[in-house]
Amino acid sequence: MSAAYGRRVLRSLVLPVYLPCFFINGGTAMLVPLLPLYLDDVGLSDSALGLVIAAAGVGGMVSQVGWGRLIDRIGDNAVMVLAVTVIVASVAMFGVIASAVALGALRLAGGMGSAGWILSRQTFLTRMTDPVSRGKAMALFGGTTRTAFLVGPLIAGIVAETAGFTTAFLVSAVATGAGVLPLLVWRSSGDEGNGAAPASTERPSLRPHLRSLVLAGTGQILVIAVRTGRFVVIPLIGADVGLSAGEVGLLISIGGLADL
């Protein structure tokens with residue numbers, strides 16, 4: 001594969017993948033400092049706070065198979081629009097609700113939407129790239145995500161400190177929703193195709209691969225638990241020692257820079 005061909009493949013993914021990734025992940029990354037600080041501010045206990053935030057992970061876990069089946073039926077791009085709509089709706093309702101149950105339900109829905117959005121783009125990348133260029137395309141997708149996590153928390157902290165949590169959640173929702181616009185522009189150019197995964201005559205089964213999935217998945221779960229836990233612990237410690245929302249956002253963005 002020539003370098004020119006590789007660059008051409010990556011350029012073709014800017015509108016349908018990388019720009020949406022930056023806006024959507026940037027919008028959801030704003031929730032990293034916002035959620036713990038807001039939940040603490042409305043008086044939730046640490047255990048209730050942890051359960052509300054963990055609901056997003058539960059939503060993502062239980063919805064993956066359903067999103068996959070939906071992609072087979074209506075296509076990855078349609079699923080992306082639907083999933084982002086779910087995220088935007090759930091985030092926009094934060095800042096005006098103080099019930100732990102309602103907040104947990106919103107995070108559950110948000111986690112489901114995030115799972116659908118990510119799976120739709122991974123499916124899209126697989127469909128639109130050849131095996132030789134796929135690794136670079138996936139790596140740039142991950143890099144774009146980390147760049148968004150560098151910017152999002154910093155903006156969230158500044159907005160929350162200057163305009164309040166409700167406004168910050170609305171900004172997060174708007175930024176997330178803006179991620180659909182590049183995809184719509186790309187679709188209007190006529191390059192989409194049918195967007196559906198190829199039909200299969202076989203019924204796949206996880207049973208032959210269950211042992212490998214359990215072994216690999218256990219380690220992955222532990223690593224993700226540590227990485228995700230920092231997004232709860234760091235804002236709470238920051239608030240406990242007297243840091244402002246802007247300073248907490250800056251602290252998380254510094255960690256995002258190291259990650260990037």
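Here is what the cut-offs are and how they apply
Residues numbered from 1 in each chain as written. Predicted model: local features only at pLDDT ≥ 70, side-chain atom pairs only at ≥ 80, totals over all residues. Heavy atoms only, no water. Patch = residues over 30% accessible without salt bridge, like charges linked within 9 Å, V, L, I, M, F, W, Y side chains within 5 Å. Areas by Shrake-Rupley, 256 points an atom, 1.4 Å probe, with all protein chains shown as cover. Salt bridge = Lys/Arg side-chain N within 4 Å of Asp/Glu carboxyl O. Lys, Arg positive; Asp, Glu negative; His and termini not counted. Charge placed at Lys NZ, Arg CZ, Asp CG, Glu CD. Helix = DSSP H or I, 4+ residues; strand = E, 2+ residues; numbered from the N terminus. Buried < 20%, exposed > 50% of the residue type's maximum accessible area, 1.4 Å probe, protein only. Core = buried A, V, L, I, M, F, W, Y, C linked by side-chain atoms within 4.5 Å. Contact = heavy atoms within 4.5 Å. Axes fitted to C-alpha atoms, helices over the stretch in contact; angles between N-to-C directions. Parallel < 35°, antiparallel > 145°, perpendicular 65-115°, else oblique. Left-handed = near helix turned anticlockwise from the far one by under 90°. Nonpolar A, V, L, I, M, F, W, Y, C, P; charged D, E, K, R; others polar. Arc of directions from axis to C-beta. Phe/Tyr/Trp six-rings, centres within 6.5 Å; stacked < 30°, edge-to-face > 60°. Polar contact = N/O pair within 3.5 Å; in protein donor to acceptor, adjacent residues only side chain to side chain.

1. Some thoughts on a negative patch on the surface
Okay, so step 1: On the surface, Asp40, Asp41, Asp46 and Asp240 cluster together into a negatively charged patch.
Okay, so step 2: Structurally, Asp240 can be placed in helix H10 (residues 210–240).
Okay, so step 3: A residue is classified by how much of its surface remains accessible, and Asp240, at 69% relative accessible area, is exposed.

2. Notes on the nonpolar core
Soluble globular proteins tend to pack their nonpolar side chains together in the buried interior.
Okay, so step 1: Formed by 50 residues in total, the largest nonpolar core has its most connected members in Leu39, Trp117 and Phe169.
Okay, so step 2: For Phe169, the residues in contact, after removing those within four places along its chain, are Leu31, Leu34, Leu35, Tyr38, Val91, Phe94 and Gly95.

3. Some words on the packing of helix H2 (residues 14–29) against helix H6 (residues 100–128)
Okay, so step 1: Where H2 contacts H6, the axes come no closer than 11 Å and their chain directions differ by 165 degrees. When the axis of H2 is compared with that of H6, the two are roughly antiparallel. The interaxial crossing formed by H2 with H6 has left-handed handedness. On H6, the residues that touch Pro16, Val17, Pro20, Cys21, Ile24 and Asn25 of H2 are Trp117, Arg121, Phe124 and Leu125.
Okay, so step 2: Across the contact of H2 with H6, the residue classes break down as eight nonpolar, one polar and one charged.

4. Comments concerning the packing of helix H4 (residues 46–74) against helix H5 (residues 76–92)
Two quantities define a packed helix pair, namely the angle between the helix axes and the distance between the axes.
Okay, so step 1: It is the contact of H4 with H5, at a shortest axis distance of 7 Å, that shows an interaxial angle of 130 degrees. The orientation of H4 relative to H5 falls into the category oblique. From H4, Trp67, Leu70, Ile71 and Ile74 reach across to H5, where they touch Asp76, Ala78, Val79, Leu82 and Ala83.
Okay, so step 2: Class assignment for the residues of the contact of H4 with H5 results in eight nonpolar, no polar and one charged.

5. Notes on a nonpolar patch on the surface
Okay, so step 1: Where nonpolar side chains cluster on the molecular surface, the patch consists of Val233, Ile234, Ile237, Val241, Leu243 and Leu251 and spans about 490 Å² of accessible area.
Okay, so step 2: Counting residues per element, the nonpolar patch draws most heavily on H10, which supplies three residues.
Okay, so step 3: With respect to the helices and strands, Val241 occurs in the loop between H10 and helix H11 (245–259).

6. Description of the pattern of salt bridges
If charged atoms from side chains of opposite charge come close, those side chains can pair.
Okay, so step 1: Inspection of the entire model under this criterion finds one salt bridge.
Okay, so step 2: Note that Asp76 and Arg127 form a salt bridge whose closest N and O atoms lie 2.9 Å from each other. One end of the pair, Asp76, is in helix H5; the other, Arg127, is in helix H6, with 51 residues separating them in the sequence.
Okay, so step 3: The exposure class assigned to Arg127 is partly exposed, which follows from its relative accessible area of 28%.

7. Here's the deal with helix H9 (residues 180–188)
Okay, so step 1: Residues of H9 that are buried include every one of Val180, Pro182, Leu183 and Trp186, and no others. Buried residues of H9 fall within an arc of 160 degrees about the axis and therefore sit on the same side. Facing away from the buried surface of H9 by more than 90 degrees, the exposed residues are Leu181 and Ser188.

8. With respect to the packing of aromatic side chains
Okay, so step 1: According to the stated counting rule, one finds seven aromatic pairs in the structure shown.
Okay, so step 2: Ring centres of Phe22 and Phe23 lie 5.8 Å apart, and the angle between their planes is 80 degrees; this geometry places the pair in the edge-to-face category.
Okay, so step 3: Here Tyr38 and Phe169 contribute two aromatic rings whose centre-to-centre distance is 5.3 Å and whose plane-to-plane angle is 85 degrees, an arrangement assigned as edge-to-face. In this pair, Tyr38 sits in helix H3 (residues 31–41) while Phe169 sits in helix H8 (residues 165–178), placing the two residues 131 residues apart along the sequence.
Okay, so step 4: Judged by its relative accessible area of 0%, Phe169 is buried.
Okay, so step 5: Here the aromatic residues Tyr38, Phe94, Phe165 and Phe169 are joined through ring pairs into a cluster of three or more.

9. Some words on the environment of Ser172
Okay, so step 1: Its place among the elements puts Ser172 in helix H8.
Okay, so step 2: Looking at Ser172, the relative accessible area reads 0%, which means it is buried.
Okay, so step 3: Here Ser172 is in contact with Gly27, Thr28, Met30, Leu31 and Val91, once residues within four sequence places are set aside.

10. Concerning the side chain of Arg121
Okay, so step 1: Mapping Arg121 onto the fold places it in helix H6.
Okay, so step 2: Here Arg121 occupies a buried position and makes no salt bridge, while the nearest side chain of opposite charge, Asp76, is found at 4.2 Å.
Okay, so step 3: Within the structure, Arg121 has its side chain in polar contact with the backbone oxygen of Pro16 (distance 2.9 Å).
Okay, so step 4: A polar contact of 2.7 Å, which involves the side chain of Arg121, links it to the side chain of Asn77.
Okay, so step 5: Residues contacting Arg121, with those up to four places away along its chain left out, are Pro16, Val17, Asp76, Asn77, Met80, Phe141 and Leu183.

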